[in-house]
Amino acid sequence: MTNPIKDVEKADVLLITGSNTTENHPVLSTYAKRGIAKGAKLIVVDPRKIPITKHATLWLRQTLGTDVAWINGMMRVIIEEGLYDESYVTSRTVGLEDLKKAVEPFTPEKVEEISGIPADQLVEAARLYASAKAASILYAMGITQHTCGTDNVKSLANLAMLCGNVGVEGGGVNPLRGQNNVQGACDMGGLPNVYSGYQAVNNADAKKRMEAAWGVTGLSDKPGLTVTQMLPAAHEGEFSALYIIGENPMVSDPDLRHAEKCLKALDFLVVQDIFLTETAKLADVVLPSLCFAEKDGTFSNTERKVQRVRKAVDGPGEARTDWDILCGVASRMGYPMAYENARQIFAEIGSVTPTYCGINYERIDSDGLFWPCTGTDHPGTPCLHMDKFSCGLGVFSAIGFKPPAEMPDDDYPLYLTTGRVLYQYHTGTMTMKSEGLNAQSPECFVEISQEDADRLGVAQGDLVSVASRRGKITVPAVVGDMTEPGTVFIPFHWAKQAVNLLTNSALDPIARIPELKVCAVRLEKAA
Amino acid sequence: MTRQDTLRINGREYAFQPGDTLLDAAKKNGLDIPSLCHLARATPTGVCGVCVVELAERPGELVRACMTPAESWMTVRTESPCVVAERKAVIKRFLDSGFHNCAVRGADSQDWTSFQMAVQASDGADDLCPAWGDCQLQELAYRYQVCGDHFPREGEYPRQSVNPFIFRDYARCIQCGRCVQACNEIQVNMAIDASMRDENSKVTPLTDFPLANEDCVFCGECIQACPVGALVEKGSRYTVRPWETTRVRTTCSYCGVGCQLWLHVKDNKVVKVTGVEEVGPNYGSLCVKGRFGFHFVSHPDRLTTPLIKEGDGFREASWDEALDLVAKRLGELKETKGPDKLGVLTSARVTNEENYIAQKFSRAVLKTNNVDHCARL
Ligand code: SF4
Ligand code: SF4
Ligand code: FES
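Note that the coordinates shown come from a computational prediction; the quantities given were computed from them, not determined experimentally.

Conventions and cut-offs
- Residues numbered from 1 in each chain as written.
- Chains lettered and ligands numbered in written order.
- Predicted model: local features only at pLDDT ≥ 70, side-chain atom pairs only at ≥ 80, totals over all residues.
- Heavy atoms only, no water.
- Near = heavy atom within 4 Å.
- Nonpolar A, V, L, I, M, F, W, Y, C, P; charged D, E, K, R; others polar.
- Core = buried A, V, L, I, M, F, W, Y, C linked by side-chain atoms within 4.5 Å.
- Buried < 20%, exposed > 50% of the residue type's maximum accessible area, 1.4 Å probe, protein only.
- Contact = heavy atoms within 4.5 Å.
- Salt bridge = Lys/Arg side-chain N within 4 Å of Asp/Glu carboxyl O.
- Helix = DSSP H or I, 4+ residues; strand = E, 2+ residues; numbered from the N terminus.
- Axes fitted to C-alpha atoms, helices over the stretch in contact; angles between N-to-C directions.
- Parallel < 35°, antiparallel > 145°, perpendicular 65-115°, else oblique.
- Left-handed = near helix turned anticlockwise from the far one by under 90°.
- Phe/Tyr/Trp six-rings, centres within 6.5 Å; stacked < 30°, edge-to-face > 60°.
- Lys NZ or Arg CZ within 6 Å of the ring centre and 35° of its normal.

## Comments concerning the site of ligand 1
Neighbouring residues of ligand 1: twelve residues in total, closest Cys173, Cys176, Gly177, Cys179 and Cys226 of chain B. The residue makeup of the shell around ligand 1, split by class, is ten nonpolar, two polar and no charged.

What follows is the structure, encoded as structure tokens:
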């Protein structure tokens, strides 16, 4: 997030899109709801009637995968009516002329045609967003998990910059991270192109620094493969060994049948986890690790706040920390790696990571610190881009609309989108161990509109088979008004009825994120 | 600091900020004015009357510290005889209003430890309050040496345990309204309707109908807000007593909000989770996963030993054998196929330290930049 969580309560207008905030970031949603109770206005743009729509001034329901169109449409209205923040745009951004040209075709009528959002609602939303002193945009996977995910994100940034909402209290463009330490995994260099602190692997200086710090030579300066590239490469026989730590792609990946084939094609698979997950079952070697309650360390939350994790209990059996296991393998491979504890590793992180170098365990003992924190007397940075963008001027990107990779047709006439429910988490390996959570949310289901249900002769609770070009699952129907006619929704937590057997693995060309939020399916009442 | 910004409490000068109530001012200066109905971050309601204090400028007149804005002319007495007398009366009224059988009667002749021992000895009796030892009313009763002398008749108030998470015992509700505020003002779920009082005029959460009422999302904010034993975690009710546990502060391992938690530990097991109230991002709030989703930690299905594939299944192995095998196979493949045919999938679930080591392992040991995690999924 560019802004801290507490800022959400200070926004005059909130725009929530592609985020089922109350279910997936429940405590963050309380900031939004409290702000609204005190008079803030909420615009929700979401294809589903998610719970936060109850608090919305305006709820725009777009057809799946049409986000660039409505965002461009809003900007067109804002530009045409002169509602944008002229002094901000002049002093802090470049590229307005290109943006103007790019959004020109997106008249409210044209947007209505593409996205199904009524023209007058779009205009109203544009005016409301532009009217705010500070407007905050909150988004999540509903924006990113598309073949045009990068375009979607850039479009939201365009909109926020146009109205002068980046670098102001209560504003910002705020991605909500779905998993506890996505932010930290990225910060620490768990990405193919960067070391910790986003230092590019193909930057010669960075490479030299890391070689010196690590006491090695010959670090590769060639950016590596993303997970969404490694797996297909394995299938092609171009990739041999994968070491998976605490992830369960056999439930979370798109097009699971294909993912399974890929994992099976590997010469060697190691899985390190706390449970024997669906993925671990395919491994050659499974290594037992400790969970968050059994170890020391830090997590970085979605607002870039680095907070302590502390050991509360001893782990089961012989399970060990993930870092300790990795050190064991490294040492056996001829690169001795040994640390006394997590604190010592954190000190090393600070020494090679400028954005973290001012943070240490003493400083975050009672409350965390926001990175960038560039010295031990630096107070941390809750809000990014305050006086200027970290990279100078903000650049508007001219972006056109591209439809999703797979659209409904005669054979597969319905849109499918996926997501989560409040009571379960990701692939369920953790939450499904709590009876209470299972009692609230025991099984997979498909949300379907009354109209589609009637057409298919499906009643509440009936078993329905849902098929895409890639697979088929059978789940009970929840008939109601959550989705609109023509669109169905299935949560992805359950391995037994894994919706990712159906989803499309087509990727965003830049971020390499699969289009988990849109594919085409066919429904039938199960015999 | 100007003279405007100070007032006197119990004979000493203290600073306050404009807008502070007397309760805020006292808290900031580390002074303890007892309160029951006051809930941080919510509008003061002033319904309980425990926080009364006396102003020297108006002898004999009591004001509620949680409702009274601090002003520099004030000279506050927090424990004067008339304050104490009023507090005792308020506490007594609460004790007599419900089933507050926490053995405070007769407590005046005992010290705290023997009092605690006596009650522990009788623990297991299923009518000893589950909040025993973690109850603000009980603490006040002990502090001000007040005993109740009246219990409601057996069965006068209903108990409810229809949902999987929360146990409600109306016999212990003191109608402080904190649960209502927690739900409506803090979580803004509006699942507890203050006007929905039953014939005993006790606050009635709508969660009596967990399936019909879609507004309750079992965040448990009401449990954390309840100062007494009227709303308690079903999972730890009677099975875990506060004095048997230790608490460790950590960060939630579910979503990216990163709520600060207390893990309550008994016999090397996490038995309860509460929110840390002093700091962000959550200031005590949690969601249903963070508060009630901790059972996986001690679940019997946890992996306890390395496993090596054999035929269609696995056999258990020692760490040495397993790590030797991993190192050998990775080493061979690195040699024969090349470093870029190897990769590491690190995790958005593990710590920064572990992610750092994972990328260091990929880059410095395997010599490849093929390292990624599942943020994209
Ligand atoms: S249930 Fe607890 S928090 Fe709610 S009114 Fe009663 S005593 Fe207060
Ligand atoms: S308690 Fe809930 S909202 Fe807070 S971090 Fe955990 S999962 Fe997220
Ligand atoms: S705390 Fe002030 S009246 Fe209850």
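Moving on, there is more to tell.
## Some details on the nonpolar core
One finds Trp214, Tyr243, Leu287 and Ile359 of chain A together with Leu330, Ile357 and Phe361 of chain B to be the most contacted residues of the largest nonpolar core, which totals 55 residues. Ignoring anything within four residues of it in the chain, the contact list for Trp214 of chain A reads Tyr195, Leu219, Tyr335 and Glu348 of chain A together with Tyr356, Gln359, Lys360, Arg363 and Ala364 of chain B. Counting 46 residues, the second-largest nonpolar core is a separate cluster that includes Phe106, Val123, Ile143 and Ala160 of chain A.

## A few points about the interface of chain A and chain B
Many structure descriptions define interface size as the accessible area lost when the parts assemble. Facing the 153 residues of chain A at the interface are 107 residues of chain B. Our enumeration of links across chain A and chain B arrives at nine salt bridges. Glu354 of chain B serves as the salt-bridge partner of Lys295 of chain A, at 2.8 Å between the closest nitrogen and oxygen. The leading source of residues in the side of chain A that touches chain B is helix α15 (residues 322-332) of chain A, at nine residues.

## Details of the site of ligand 2
In the vicinity of ligand 2, the contacting residues are Pro26 and Val27 of chain A together with Cys252, Tyr254, Cys255, Val257, Gly258, Cys259, Leu286, Cys287 and Gly290 of chain B. The environment around ligand 2 is built from residues contributed by chains A and B. Partitioning the shell around ligand 2 into residue classes produces nine nonpolar, two polar and no charged.

## Some points on the packing of helix α3 (residues 67-80) of chain A against helix α6 (residues 108-115) of chain A
The description of two helices packed together rests on the angle between their axes and the distance between the axes. Residues and elements named next belong to chain A. Here α3 crosses α6 at 170°, and the two axes come no closer than 9 Å. One way to sum up the angle between α3 and α6 is to call them roughly antiparallel. As α3 runs across α6, the sense of the crossing is left-handed. In contact with Ala69, Trp70, Gly73, Arg76 and Val77 of α3, α6 contributes Pro108, Val111 and Ile114. Looking at the contact of α3 with α6 residue by residue, the class counts come to six nonpolar, one polar and one charged.

## Re the packing of aromatic side chains
Within the structure shown, the criterion is met by 14 aromatic pairs over all chains. Ring geometry for Trp214 of chain A and Tyr356 of chain B: centres 6.3 Å apart, planes at 75°, overall edge-to-face. In this pair, Trp214 of chain A sits in helix α11 (residues 204-214) while Tyr356 of chain B sits in helix α9 (residues 352-366), so the two residues belong to two different chains. The pair formed by Trp214 of chain A and Tyr356 of chain B is uniform in burial state, with each residue classed as buried. Through pairs of rings, three or more aromatic residues link up here, namely Tyr198, Phe346, Tyr356, Tyr361 and Trp371 of chain A. Sitting over the face of the ring of Phe489 of chain A, Arg48 of chain A holds its NZ or CZ atom 3.5 Å from the ring centroid. Lying across the ring of Trp262 of chain B, Arg247 of chain B places its NZ or CZ 3.7 Å from the centre.

## Overview of the pattern of salt bridges
Counted by the stated rule, this structure contains 50 salt bridges over all chains. Here Asp215 of chain B ties to Lys54 of chain A by a salt bridge, and the two come within 3.2 Å at their closest N and O atoms. Of the two residues, Asp215 of chain B is situated in the loop between β9 (203-205) and α6 (221-225) and Lys54 of chain A in the loop between β2 (41-45) and β3 (58-60); the pairing between them involves two chains. Residue classification places Asp215 of chain B among the partly exposed residues on the basis of a relative accessible area of 27%. Between Arg127 of chain A and Glu81 of chain A there is a salt bridge, with its nearest N and O atoms 2.8 Å apart. Remark: Glu81 of chain A occurs in the loop between α3 and α4 (86-92) and Arg127 of chain A occurs in helix α7 (residues 119-131); sequence separation between them is 46 residues. Accessibility expressed as a relative area gives 43% for Arg127 of chain A, which makes it partly exposed. Salt bridges linked by common partners bring Glu406, Asp409, Arg469 and Arg470 of chain A together as one network.

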